[in-house]
Amino acid sequence: MSAQIVITRDWDEVRQAMGVVHDTFCEAGFLDPRPSGLRMIPAYLNPGTTLLLGLVDGEPAAATALIPVGPFGLPSDRAVVEEIVTLRGEGPLFEVGSLGILPGARRHSRELVSMAFAACYRVLVEGGLATRMICSVEPSAVRYYGSSFDIRPVCDQERPLYGAPARLISATAEEVIHAARTRGGAHRRMVTALIDDPHPDWLVDRRESARWPAGQLGRLLEEAGAIDRLIEQLEVAGPALQSVLSGEASRPPFTRRPIQVSRRATRRRRRAARTGPPPLE
C-alpha cells in the first residue's frame, strides 16, 4: 500500500475530500444523500480551514477537516456551544472533524488515521504548542483517545450531534505530543515518528491555492440549506463592512459624556483592590 495525506485548499482535491465525507456520513446515517454527492457546511468557509485528503495508491480513501474558530462557527457548536465558548478563551482553537474512511480502504484505517492525526498536529503547532484541538467523537472512542494521546472529555454528558450521541474531547498540541512520546505502544510510536519526520514524503501541503469557484460553491451552499442563514448574517454585518471599505469607519468615534464617580465609590474600589471584594449579601 502507498498512502499519502494531502493538506489542501485546491478545489479539485477539496471536492474529492467532500465526496469522501458525504459518502461515509450517508453510510453512517448522519446525512441524507445530496445530488452533488458532496458535503459542504458553512464552517468550511472559516478563514484558515483546510481539508485533508487521504490517498491510497493515488485514489481518494479518507478525509477530515481542520477548522479554526471563525465567523461561521464550529461544527460542534450545535451540541456543546457553551463548553466551546469557554475553551475559546484559552488560546487558538481548531476543530478536527468530518472524518471518514471509504469501505474499500478500511483495512488500512490504522495507518490512515495515524497519518491524518500527525498531519493535523503538524498544522496545529504552527500556531504554537498552546493551540488547542477539539473533536466530537462517539462515546466508545473517548477511552481510546484519552489513553493514546491524553485527549480528554470536556464535559461529562453525551450530546446529540448529527442524530447520534457524541462526547467533546480536547487537548493542546503540547499535551498530545507529550503523551505520544512518553507512553508506549506501537500506534503511539507510529504517530510520533510521523510527527517528527523531517522530510515527510507521505505529506503534501497545498494550502496556497486559488479561491474556490463562487458558482460551484454557491450551488453547494444552496444544496446544504445554508443560503438563508448566510444572507441574514450579511444583512446584519453588510452595512458595517461597507463603512470599513468606504473609509467611514476610520473617522473618530463619538464620545459619551463621562460618568461621575463618587469619592465613596473610589475608596471602595481601592479597598477591594487591597482586600478583595466584599461578600455578597
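Residues numbered from 1 in each chain as written. Predicted model: local features only at pLDDT ≥ 70, side-chain atom pairs only at ≥ 80, totals over all residues. Heavy atoms only, no water.

A.B. asks: Could you give me a rundown of the overall build of the chain, with the residues and numbers involved?
C.D. replies: Looking only at helices and strands, the chain features 9 helices and 9 strands. Along the first, second and third principal axes, the C-alpha set of the chain runs to 75 × 50 × 40 Å. Counting only residues that meet the buried cut, the chain has 43% of its 281 residues in that class. Counting only contacts in the chain whose residues sit at least 6 apart along the sequence, the fraction spanning at least 24 positions is 72%. Of the accessible surface of the chain, which amounts to about 16300 Å², a share of 53% is contributed by carbon and sulfur atoms. Placing the 35 positive and 33 negative side-chain charges of the chain at their respective mean positions leaves the two points 13 Å apart. (Helix = DSSP H or I, 4+ residues; strand = E, 2+ residues; numbered from the N terminus. Buried < 20%, exposed > 50% of the residue type's maximum accessible area, 1.4 Å probe, protein only. Contact = heavy atoms within 4.5 Å. Areas by Shrake-Rupley, 256 points an atom, 1.4 Å probe, with all protein chains shown as cover. Lys, Arg positive; Asp, Glu negative; His and termini not counted. Charge placed at Lys NZ, Arg CZ, Asp CG, Glu CD.)

A.B. asks: A description of helix H1 (residues 11-28) should follow, citing residues and the corresponding values.
C.D. replies: Its 18 residues place the ends of H1 25 Å apart at the C-alpha level, agreeing with the 26 Å of an ideal helix rising 1.5 Å per residue. Restricting attention to buried positions, one finds in H1 the residues Trp-11, Glu-13, Val-14, Ala-17, Met-18, Gly-19, Val-20, Val-21, His-22, Thr-24 and Phe-25. On its buried side, H1 packs onto strand S1 (3-8), strand S2 (50-56), strand S3 (59-68), strand S4 (93-101), strand S9 (203-206) and helix H7 (214-223). (Expected span 1.5 Å × (residues − 1).)

A.B. asks: Kindly report on the layout of surface pockets, identifying the contributing residues and their values.
C.D. replies: Reported here for the largest pocket is a volume of approximately 1000 Å³. Considering the residues around the largest pocket, the lining is formed by 38 residues, among which Leu-99, Ser-136, Val-137, Glu-138 and Tyr-145 are closest to the centre. Elements with a minimum of two residues in the lining of the largest pocket: H1, S3, S4, helix H3 (109-124), strand S5 (132-137), helix H4 (142-149) and strand S8 (164-172). In this structure, the second largest pocket spans a volume of roughly 310 Å³. What lines the second largest pocket is a set of 18 residues, and nearest its centre among them are Ile-41, Pro-42, Arg-78, Tyr-162 and Arg-229. (1 Å grid on protein atoms, 1.4 Å probe; cavity = no way out; pocket = protein on both sides within 12 Å on 5 of 7 lines; lining within 4 Å. Points joined across faces, edges and corners; volume = space filled by probe spheres on them.)

A.B. asks: Just give me the short version of the side chain of Thr-192, but keep the residues and values in it.
C.D. replies: Residue position: Thr-192 is located in helix H6 (residues 186-196). By relative accessible area, Thr-192 is classed as buried at 12%. Reaching out from Thr-192, the side chain makes a polar contact with the backbone oxygen of Ala-180 at a distance of 3.2 Å. Setting aside residues no more than four positions away along its own chain, Thr-192 makes contact with Ala-180 and Arg-181. (Polar contact = N/O pair within 3.5 Å; in protein donor to acceptor, adjacent residues only side chain to side chain.)

A.B. asks: Before we move on, could you go through the nonpolar core and cite the residues and values that matter?
C.D. replies: Formed by 41 residues in total, the largest nonpolar core has its most connected members in Ile-5, Leu-66, Leu-112, Ile-151, Val-176 and Trp-202. Sort the elements by how many residues they give to this core and H3 lands first, with 10 residues. Once you skip the residues sitting within four places of it in the chain, Trp-202 turns out to touch Ala-3, Gln-4, Ile-5, Met-115, Ala-118, Ala-119, Arg-122, Leu-194 and Asp-197. Judged by nonpolar contacts, the second largest core, of 39 residues, contains Val-14, Val-21, Val-204 and Trp-212. (Core = buried A, V, L, I, M, F, W, Y, C linked by side-chain atoms within 4.5 Å.)

A.B. asks: Any details on unusual backbone geometry? Residues and values, ideally.
C.D. replies: Its identity as a non-glycine residue notwithstanding, Asp-57 has a phi of 55 degrees, on the positive side. Summarising the element assignment, Asp-57 is placed in the loop between S2 and S3.

A.B. asks: Describe in detail empty space enclosed by the protein, supporting the description with residues and values.
C.D. replies: The tally for this structure, following the rule as stated, stands at 2 cavities of 30 Å³ or more. Computed from the structure, the largest cavity encloses a volume of approximately 50 Å³. Taken together, Ile-5, Leu-52, Gly-54, Ala-62, Ala-63, Thr-64, Leu-99, Ile-101, Leu-112, Val-113 and Ala-116 form the lining of the largest cavity. Looking at the lining of the largest cavity, the elements that each hand over two or more residues are S2, S3, S4 and H3.

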